[in-house]
Amino acid sequence: MKFWRTIQFSIALVLVGGLPVSAADARTNPATPAAAEASGRHPVLMISIDGLRPDAVLEAGKYGLTVPVLRSFLKEGSYAQGVVNVNPTVTNPNHTTLVTGVLPAEHGIYNNRPFAPTAKLPKSYSSYDQIRATTLWGAAKAAGLKTGSIFWPVTKKATDIDFNLVEGNDEDDAKIADDAIALIEQKNPELLTVHFVWLDHQQHEYGPFSAEGNAALERIDTAVGRVVAAYRKTHPGGVVAVVSDHGFDKVTHQVNLNAAFVDAGFIKLAGKGDEQEVTAWKAFVWYVGGSAMIVLQDRRDQKTKARVAEYLQKLAADPANGIERIYARDEYANRGLPPAAEYVVAFKPGYRMGNAMTGPLVRESKGGAHGAFSTRTVRPDMHSSFFITGPGIAAGRNLGIIDMRQLAPTLAGELKVALPAAKAPVLPIRGQ
């Protein structure tokens, strides 16, 4: 972390008191470079706005949003109508797919937190060595390029990232922009990834398109504009991609499936009140959010499997429980979900899983959630965003509905680096 001790000191000298970039200056339309690199390589800045629904930009006026920087991508670059993300539709698996181009079953980041039924709050996936697939940073570093990242999920101790900030206040958008600008100006990485998370946090608390959520996105829009303006000065021939990991849904109820599994005898607890702990289990519900994954302690135990299937169908038969559908393993076998998941419980819009191990099955709730089981046609409110601009990028091109696995190979193509595990076709972002 020696570099970041140096850069944070530099930030205090260089950026304190700096004037904000105007909306016009922040526009993403770059000056045409005199000549591209001889190799045809285009440096890449990828900015993730956690929880950004595409309609927040595509239909900003409908929601009373003023986001001029993000809106400028629609005219000056190419964009997706929606991105079909990977399941589960939560932060860590999708951010890892964004940099690998493969499903969770291939890159190994199956959920926000690993499965740990006896832990009250399992630690999040966070260490870079938990990723089993080649990343954009790894491919870029192998090609001799400098790499940088700020607050990208699952990047602690990332040896492929030359300049990596993972500690500090990840909710301070202005400070994140300051750090990104300092990194661009002082170290000039050819691949830089930046993660803004405040929108996600506000939407969890207040719901999508709430006044608080909209204010967060507008604040991030300003921060993105500042970073893009600085990037264009250093890399006039580079490309800027704005992405997200998932959409959002407004919550009205939470469903405590593990409390039901305790009542049914699949989970044994010991202790009193909030101090109760899991002492034994045969089937457990792995928390996701708008969906849940059912794990059997012994997949060969056909008797328990049959009991679980029958019990889930009984719960789903009551509309008050908010269960849309129970998916069996063969129905999602090719979607990259964890091998341990025996069933996926998909909740109706407005419902999410709760973490309580005791008490009522269904409780009223509020705020917002994601994590619903999603496909191209199922739960499109979970779809994420993609916008890209730069010299030679087609202007005003609507790419339609795309697959998240296409983003990493597309950006690898811009960097002229190899990402062999990513098999999805690159996006047609260049040319007339």
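The notes below deal with the structure included here.

**Re the sheet that holds strand 15 (residues 341-347)**
Thinking step 1. Read from one edge of the open sheet, four strands run 12-13-15-14, paired in antiparallel fashion. Bordering the open sheet on either side are strand 12 (283-287) and strand 14 (323-328), each of which pairs with just one other strand. Taking the axes of each pair of neighbouring strands and ignoring which way they run, one obtains an average angle of 25 degrees across the sheet.
Thinking step 2. As defined by bridge partners, strand 13 (residues 291-296) adjoins strand 15 across five bridges and the pair is classed as antiparallel. Its bridge partner being in strand 15, A292 is matched across the sheet by V345.
Thinking step 3. In the packing of helix 12 (residues 302-316) onto the sheet, the strands contacted are strand 12, strand 13, strand 14 and strand 15, and the crossing angle to strand 15 comes to about 5 degrees.

**Observations regarding the pattern of salt bridges**
Thinking step 1. Within this structure, the stated rule accounts for 15 salt bridges.
Thinking step 2. Note that E342 and R299 form a salt bridge whose closest N and O atoms lie 3.2 Å from each other. With E342 in strand 15 and R299 in the loop between strand 13 and helix 12, this residue pair connects regions lying 43 residues apart in the sequence.

**Quick word on the environment of I402**
Thinking step 1. With respect to the helices and strands, the residue I402 is situated in strand 21 (residues 401-403).
Thinking step 2. Classification of I402 by relative accessible area gives buried; the value is 3%.
Thinking step 3. Considered as a pair, I402 and A369 are 33 residues apart in the sequence and their alpha carbons are 23 Å apart.
Thinking step 4. With near-sequence residues (within four places) excluded, I402 lies in contact with A80, G82, V83, V84, F386, L407 and L427.

**Quick notes on the packing of aromatic side chains**
Thinking step 1. All chains considered together, the criterion is met by twelve aromatic pairs.
Thinking step 2. Ring plane angle 5 degrees and centroid distance 3.6 Å describe the contact between Y63 and F209, whose orientation is recorded as stacked. Of the two residues, Y63 is situated in the loop between helix 3 (55-58) and helix 4 (68-76) and F209 in the loop between helix 9 (198-206) and helix 10 (211-234); the sequence distance between them amounts to 146 residues.
Thinking step 3. Measuring from centroid to centroid gives 5.5 Å for F115 and W281, while their planes differ by 75 degrees, and the two rings are edge-to-face. With a gap of 166 residues between them, F115 in the loop between helix 6 (104-107) and helix 7 (136-142) and W281 in strand 11 (residues 277-281) connect regions that are remote in the sequence.
Thinking step 4. Look at F115 and you get partly exposed, because its relative accessible area is 23%.
Thinking step 5. These aromatic residues form a ring-pair network of at least three members: F115, W281, F284 and W286.

**Description of helix 9**
Thinking step 1. Taken together, the buried positions of helix 9 are W198, L199, D200, Q202 and Q203.
Thinking step 2. Its buried side turned inward, helix 9 meets strand 1 (44-49), helix 8 (173-187), strand 6 (191-196), helix 10 and strand 18 (368-369).
Thinking step 3. Looking one or two residues beyond helix 9, the residue adopting positive phi is G207, at roughly 100 degrees.

**Describing the packing of helix 9 against helix 10**
Thinking step 1. Following both chains from N to C, one finds helix 9 and helix 10 inclined at 175 degrees, their axes separated by 8 Å at the closest point. Taken together, helix 9 and helix 10 sit at an angle that is classed as roughly antiparallel. In this structure, helix 9 uses W198, L199, Q202, Q203 and Y206 to contact helix 10, whose residues at the interface are E212, G213, A216, L217, R219 and I220.
Thinking step 2. Per-class residue counts for the contact of helix 9 with helix 10 are six nonpolar, three polar and two charged.

Calculation notes
Residues numbered from 1 in each chain as written. Predicted model: local features only at pLDDT ≥ 70, side-chain atom pairs only at ≥ 80, totals over all residues. Heavy atoms only, no water. Pairing = 2+ DSSP bridges. Helix = DSSP H or I, 4+ residues; strand = E, 2+ residues; numbered from the N terminus. Axes fitted to C-alpha atoms, helices over the stretch in contact; angles between N-to-C directions. Contact = heavy atoms within 4.5 Å. Salt bridge = Lys/Arg side-chain N within 4 Å of Asp/Glu carboxyl O. Buried < 20%, exposed > 50% of the residue type's maximum accessible area, 1.4 Å probe, protein only. Phe/Tyr/Trp six-rings, centres within 6.5 Å; stacked < 30°, edge-to-face > 60°. Parallel < 35°, antiparallel > 145°, perpendicular 65-115°, else oblique. Nonpolar A, V, L, I, M, F, W, Y, C, P; charged D, E, K, R; others polar.

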